[in-house]
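Below, each chain spelled out in residue letters.
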Amino acid sequence: MMTAQSTAPAGPYAAAQSALGDLGYTCIPLLPRDKAPGQRRGGRWVLMSDWPQFRDRAPTVFEKNAWGSWEGANIGIILGTPIGDHKLIAVDIDSLDPEEVETIRSACPSTPMAKKGAKGLTMFFRGSPSLKSRGYKTAEKRGLCDLLTGNATRQTVVPPSIHPYGPTYTWLAGPVPAHDLPLFDETCLERLEDTLAHLGWGGEAEVQARSTRKPMDTHDDDPSIWSEVNDAALSNMAAWVPALGLYGLRPVSRGGYEAVATWRPSGSGQPIEKRKRNLKIYPDGIRDFGSDVGYSPLDLVCAANNWTLDDSFQWLRDRLDMVEAPIFVVPENVPVTIPPPPVSEVASVPVAPPPVHQQQEGEIPADLLDVPGLVGDITRWITRTGRKPQPVLALGAALAIVGTAAGRKFAGPTRSATHLYVLALAPTGAGKNHPLDQIMRTMTVTMPRELGPSAFMSYSAVVKRLDRHPVVLCAMDEFGSFLAKINNRKNSSGHEQAISGVLRTAWGCSFSSMTTPEYASDPSRVIHSPALTIYGASTHEEFYRSLQGADIHNGFLNRFLILSTRIRPDEQEPDLDPYNLPDEIKAGIDQIFYAGNPLATATAHNTCADAPQIMIPWKSPSAQEVYRALCREVQGRESEDSFLARTSEMAIRLATIAALGESSESPAVSEANMRWGAALAMWSANRMIAETGQFMSENDRQSEQQLVLRLIVAGDSLGKGRISQGELTRKINGRLDASRVKSILAALMEGEQVEESREEVRGKVKRIYRALQ
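(A) Main features of the overall build of the protein. Within the protein one finds 26 helices and 29 strands. Among the 773 residues that make up the protein, the fraction classed as buried is 53%. For the protein, restricting intrachain contacts to residue pairs at least 6 apart in sequence, the fraction spanning at least 24 positions comes to 72%. About 33,900 Å² of surface is accessible on the protein, with carbon and sulfur atoms providing 50% of the total.

As structure tokens, this is what we get:
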């Protein structure tokens, strides 16, 4: 007998609470089409004033079931809830300038969980318990971002909630389990604040002043605009004060309200539930008697929500336009509908070729960027979604993604695996972060379980990750800094120094096993067929200076595919939405990841798998001959063995990935695949040789010499390779004193690397240095 199934009420809370709760987040209902916590009483909506209690205790099953029955409820996540020894925090970017948004986002760790409303961007992290909430504004009171840590008990509205102005909140990445969020600690905060200072934030003094200065004190707009709204608000307080969601709000005599000013710390150190209602809101004025600060209505909205003045003005004006609506009530007859998810604009857009690559000296040949199949499709998509397109870095990201999808399942003709260590090198501000972001977004949509951490803190962290999930792709920003840390023999621990060794071992495991050392608290384990892929981004200087001489001789460096560029592309408006992965790319990745029957997929991702499930053959004898010719060429350059020893293995991995991108159903490595793989691997090795000689130093003296020589080679208005003494001094910019520069120039001239002359330039005789190499 069939029974009728009840249809759950349409509403964001009912739709998302269970999934978010399973991921470790505490969710509460919000008023329909609103950001304020709400609840149903007597058949109508009212504000929920005691919601901060759920920061420290999870809602009961009864409470969640009741909330889930409330039609139209938006959903919010409470910040500050514990995640092990850390807490849930968020960085909320307020800026409307796309370049500023990207700059602020780049100053934070890469995160697999972020959301977007009508505007702005909110990123989620695990935060250190010591972090406090704070807002960051420019001297003109223009919002940059907010750090929301929950110490004043904040909540943030999340998808699929409906914004008060109509749009639906959307996930840009994630959501992911709370314990998988990256750590945001004091070091991250310091880096963020350094970046914000460059964007106009006034520093710590600005933070301290927030509790005593009113947002409107120095605003440049016509004060009559704000006075009109403030006067209207004081005469219609019931239309907006309850909707602020102030903690402990209650009506008092003379048509006023009182509440707790949670945005400032308690003067007596009391927990929030024991604090006095020192905030008094009356038609004749608003004052916080706890800090002796007066507020206008706009000031109060700014402080309570940590919003910009413009946002507060818009919100308050909208509330005052609704004065005829019943207080605390959302009318029962107003339908609340959930708009369908936005249709991907990218799915129907063919992935067009990237912008024409301008060949420059030392840059990758353009033909190596034109890869048929899935690798090329991903490369072009990443390039077209970037504000500073970098095809060579996008190619590295594409190879890492496809190689990971094939991990532990496919083997090339020589039984080679498909995991890679890709190193993306580019100058500061040249667009390095965008490929990292697109890796995160792509992996979150297609292979979330295989997305690894952005850094490893110890040897055991690497081992434990590979033991749990042997197929993993780590997108690592500031890779040079990470390497410098593990290479610091004086200040790094033994577990940090051992990371280099385990990375070397993991790279070489093509369907073989690695046995880990045994420690007193960490028994030895056998990891079968680890498939660790790394995509690391860094500047040239930072990466090469982080290396030790041993990294060249022990084979650590030659395990990297170096994809290097010196181009700083002009910023442009992307012609594709970076947040929507094209359907054809997702389908292509799925075809590789789930290739074969379900048993093959399950076997490939079992921790005990020790053999490839699918062998990819040579398509023709000529393809195999290209590989053999490369092996002979590498052997002929025996003196450069430290750099070239793994070039042939790198080439066959690249060719295998390219072949899979062309056909995952019946892949075979063709002659074209092998020629491309060989050319890219050899170009990478040659760049490694050239750049190691240019950047890497065994001591400070050599590093200083290389700095001066690079400046001379770069040249000035006289042309490349020639620079005047005055311009050289300006470019050194105090990094070396005059006597040191003089000594270095003498050494460079003695070594016949530089020559000195005197020439007349624009009517003046100047000392000119010219590079001889």
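(B) Main features of helix α22 (residues 647-662). Compared with the 22 Å implied by 1.5 Å per residue over 16 residues, the 23 Å span of α22 between its first and last C-alpha is a close match. Among the 16 residues of α22, 14 are classified as buried, and the element is accordingly described as predominantly covered.

(C) A look at the sheet that holds strand β21 (residues 471-476). Ordered in space as β21-β24-β20-β25, the four strands form an open sheet in which the pairing is parallel. Two strands close off the open sheet at either side, each with one partner strand: β21 and β25 (560-564). The mean inter-strand angle of the sheet, taken between neighbouring strand axes irrespective of direction, is 10 degrees. Across six bridges, the pairing between β21 and strand β24 (residues 531-538) is parallel. The partner of Cys474 across the bridge, within β24, is Ile534.

(D) Structural detail: the side chain of Ser510. Mapped onto the secondary structure, Ser510 falls in the loop between α15 (499-508) and β22 (513-515). Polar side-chain contacts of Ser510 include one of 3.1 Å to the backbone nitrogen of Ala417. If we skip the residues at most four places from it in the chain, Ser510 touches Arg415, Ser416, Ala417, Glu649 and Arg653.

(E) Main features of helix α3 (residues 98-107). Residues Glu100, Ile104, Arg105, Ser106 and Ala107 constitute the buried set of α3. On the buried face of α3, the contacting elements are β6 (86-93), β8 (121-127), β10 (143-148), α4 (186-198) and α11 (433-446).

(F) View of the packing of α11 against helix α18 (residues 583-593). With their axes 10 Å apart at the nearest point, α11 and α18 run at an angle of 60 degrees to one another. In the packing of α11 onto α18, the handedness of the crossing is right-handed. Contacts from Thr442, Val445 and Thr446 in α11 reach Lys586, Ile589 and Asp590 in α18. Along the lines of polarity and charge, the residues of the contact of α11 with α18 split into two nonpolar, two polar and two charged.

What counts, and where the lines are drawn
Per chain, residue numbering runs from 1 following the sequence as it is written. Only residues with pLDDT of 70 or above have their local features reported here, since the model is predicted, and side-chain atom pairs are shown and tallied only from 80 upward, although totals for entire chains, interfaces and linings are computed over all residues. Just so you know, side-chain values use all the structure's heavy atoms and leave hydrogens and water out. Counting from the N terminus, the helices are DSSP H or I runs at least four residues long and the strands are E runs at least two residues long. Relative accessibility thresholds used throughout: buried, under 20% of the residue-type maximum; exposed, over 50%; partly exposed, between the two (1.4 Å probe, protein chains only). It only takes one pair of heavy atoms within 4.5 Å for two residues to be counted as in contact. All accessibility values rest on the Shrake-Rupley procedure with a 1.4 Å probe; residue burial counts only the protein chains present in the view. In a helix, the anticipated span is given by 1.5 Å times the number of residues less one. Strand pairing is defined by DSSP finding a minimum of two bridges between the two strands. Only the stretch in contact is used when fitting a helix axis, every axis being a line fitted to C-alpha atoms; angles between N-to-C directions are given from 0 to 180 degrees. Think of a polar contact as two N or O atoms within 3.5 Å of one another; within protein, one of them needs to be a possible hydrogen donor and the other a possible acceptor, and neighboring residues in sequence only count if both atoms come from side chains. Two helices cross in a left-handed way if the nearer one is turned anticlockwise from the farther one by less than a right angle. They cross in a right-handed way if the turn is clockwise. Each residue gets one label: Ala, Val, Leu, Ile, Met, Phe, Trp, Tyr, Cys and Pro are nonpolar, Asp, Glu, Lys and Arg are charged, and the others, such as Gly, are polar.

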